[in-house]
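Summary of structural features
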Amino acid sequence: MNTETHDSANVDAAEIDKFSRLAHKWWDKTSEFKPLHDINPLRLGYIDGHAGLAGKTVLDVGCGGGILSESMAKLGAAAVTGIDMAEKSLKIAKLHALEENVGNISYRHIRVEELAEEMPHAFDVVTCMELLEHVPDPAAIIRSCAELVKPDGMVFFSTINRNPKSYAHAIVGAEYLLGLVPRGTHDWQKFITPAELARMCRQAGLDVIDSKGMTYNPLTKIYRLDDNTDVNYQIACRPQ
């Protein structure tokens with residue numbers, strides 16, 4: 001297995017390998033990706049509530065197997081582009097969109113930094129969910145997202161806070177006790193506090209206009225959005 005980290009390209013090959021090995025399970029709602037399917041309606045509603053996806057051009061950065069991308073396309077976005085560095089995941093995403101007859105979606109194997117140079121200010125909505133904690137330089141991803149969105153558009157990020165509670169919940173709980181995600185999915189040291197994320201957004205020319213936390217009840221097995229950003233959280237941004 002190639003575990004080399006390509007910092008110059010802002011891609012961690014070990015992370016790509018990790019998700020590539022699971023690529024065939026992206027659309028299995030009982031697999032390791034079950035949590036992403038469970039929280040997708042919450043994320044979709046959050047994005048649509050702020051940005052109004054109908055008729056918009058959308059970019060999904062780090063789209064994986066296309067769970068969020070496809071749902072945005074089905075909700076009425078004019079065109080959705082999903083990008084990822086894991087080619088196996090993109091193949092699954094393309095196949096599933098074809099099976100579902102979703103014609104207003106396309107997928108590309110390209111770094112977000114390259115796409116920002118190719119298509120500056122081209123998208124009404126840019127989403128980047130659960131990616132920042134998997135790359136060597138999250139600030140560079142944020143800058144590229146800011147360059148890709150239109151001046152009147154919106155950008156959305158989601159990630160995991162870094163504190164003792166997030167270690168207990170996202171790693172000890174989710175990976176080892178509850179088995180919600182595979183062990184080794186996350187590196188606590190790569191988690192990002194809301195203050196750090198807000199600062200990186202400001203430096204990239206984005207203003208944070210809203211933030212929401214996401215909590216999981218292990219008894220009811222239900223996720224919900226609330227104001228508690230101690231562990232998982234997402235933010236909505238507008239260009240300055």
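1. Quick word on the overall build of the chain
- Across its full length, the chain holds eight helices and 10 strands.
- In the chain, buried positions account for 51% of the 240 residues.
- Within the chain, residue pairs in contact and separated by at least 24 positions form 69% of the contacts whose partners lie at least 6 positions apart.

2. Some words on the pattern of salt bridges
- According to the stated counting rule, one finds 13 salt bridges in the structure shown.
- Linking R43 and E130 is a salt bridge whose minimum nitrogen-to-oxygen distance equals 2.6 Å. Residue R43 is located in helix α2 (residues 34-51), and its partner E130 is located in the loop between β6 (123-129) and α6 (138-148); the two are separated by 87 residues in the primary sequence. E130 matches R43 in its accessibility class, with the two residues each being buried.
- As a salt-bridge pair, R162 and E196 come within 2.7 Å of each other at their nearest N and O atoms.

3. So, the packing of α2 against helix α3 (residues 67-75)
- With their axes 10 Å apart at the nearest point, α2 and α3 run at an angle of 45° to one another. Here α2 is positioned oblique relative to α3, judged by the angle of their axes. Crossing of α2 over α3 shows right-handed handedness. When α2 is examined against α3, the residues L36, H37, N40, L44, I47 and D48 are found in contact with a partner set consisting of I67, L68, S71, M72 and L75.
- Classifying every residue of the contact of α2 with α3 by side-chain character gives seven nonpolar, three polar and one charged.

4. Here we look at empty space enclosed by the protein
- Per the counting criterion, the structure on display carries one cavity of 30 Å³ or more.
- Space inside the largest cavity adds up to approximately 30 Å³.
- Looking at the lining of the largest cavity, the elements that each hand over two or more residues are β8 (206-217) and β10 (232-239).
- Per element, the largest residue contribution to the lining of the largest cavity is three residues, and it comes from β10.
- A class-by-class count of the residues in the lining of the largest cavity yields two nonpolar, three polar and three charged.

5. So, the confidence of the model for the chain
- Looking at the chain as a whole, the pLDDT averages 89, with 89% of positions reaching at least 70.
- In this model, residues 1-8 is a region of pLDDT below 50 whose contacts with residues beyond four sequence positions or in other chains number 17 contacts.

6. Topic: the nonpolar core
- Counting 31 residues, the largest nonpolar core has V61, V126, I142, F157 and L197 as the members making the most contacts within it.
- Only β3 (57-61), α5 (112-118), β6, α6, β7 (149-160), α8 (194-203) and β10 provide two or more residues apiece to this core.
- It is α6 that provides the largest number of residues to this core, a total of six residues.
- Counting 23 residues, the second-largest nonpolar core is a separate cluster that includes A51, A77, V80 and V125.

7. Some points on unusual backbone geometry
- Phi is positive for N101, which is not a glycine, with a value near 55°.
- Inspection of the secondary structure assignment puts N101 in the loop between α4 (87-99) and β5 (105-108).
- The class of N101 is exposed, set by a relative accessible area of 70%.
- Look at H121: it is not a glycine, yet its phi comes out positive at around 50°.
- Relative to the elements of secondary structure, H121 occurs in the loop between α5 and β6.
- Among the residues examined, H121 registers a relative accessible area of 46% and is labelled partly exposed.

8. Focus: the packing of α6 against α8
- Viewed as axis vectors pointing N to C, α6 and α8 meet at an angle of 45°, and their least axial separation amounts to 9 Å. On the basis of their axis angle, the class for α6 and α8 is oblique. Two packed elements cross with a definite hand, and for α6 against α8 that hand is right-handed. Note on element contacts: α8 touches α6 through L197, M200 and C201, opposite P138, A139 and I142.
- Of the residues assigned to the contact of α6 with α8, the class counts are six nonpolar, no polar and no charged.

What counts, and where the lines are drawn
- Residues numbered from 1 in each chain as written.
- Predicted model: local features only at pLDDT ≥ 70, side-chain atom pairs only at ≥ 80, totals over all residues.
- Heavy atoms only, no water.
- Helix = DSSP H or I, 4+ residues; strand = E, 2+ residues; numbered from the N terminus.
- Buried < 20%, exposed > 50% of the residue type's maximum accessible area, 1.4 Å probe, protein only.
- Contact = heavy atoms within 4.5 Å.
- Salt bridge = Lys/Arg side-chain N within 4 Å of Asp/Glu carboxyl O.
- Axes fitted to C-alpha atoms, helices over the stretch in contact; angles between N-to-C directions.
- Parallel < 35°, antiparallel > 145°, perpendicular 65-115°, else oblique.
- Left-handed = near helix turned anticlockwise from the far one by under 90°.
- Nonpolar A, V, L, I, M, F, W, Y, C, P; charged D, E, K, R; others polar.
- 1 Å grid on protein atoms, 1.4 Å probe; cavity = no way out; pocket = protein on both sides within 12 Å on 5 of 7 lines; lining within 4 Å.
- Points joined across faces, edges and corners; volume = space filled by probe spheres on them.
- pLDDT = per-residue confidence, 0-100.
- Core = buried A, V, L, I, M, F, W, Y, C linked by side-chain atoms within 4.5 Å.

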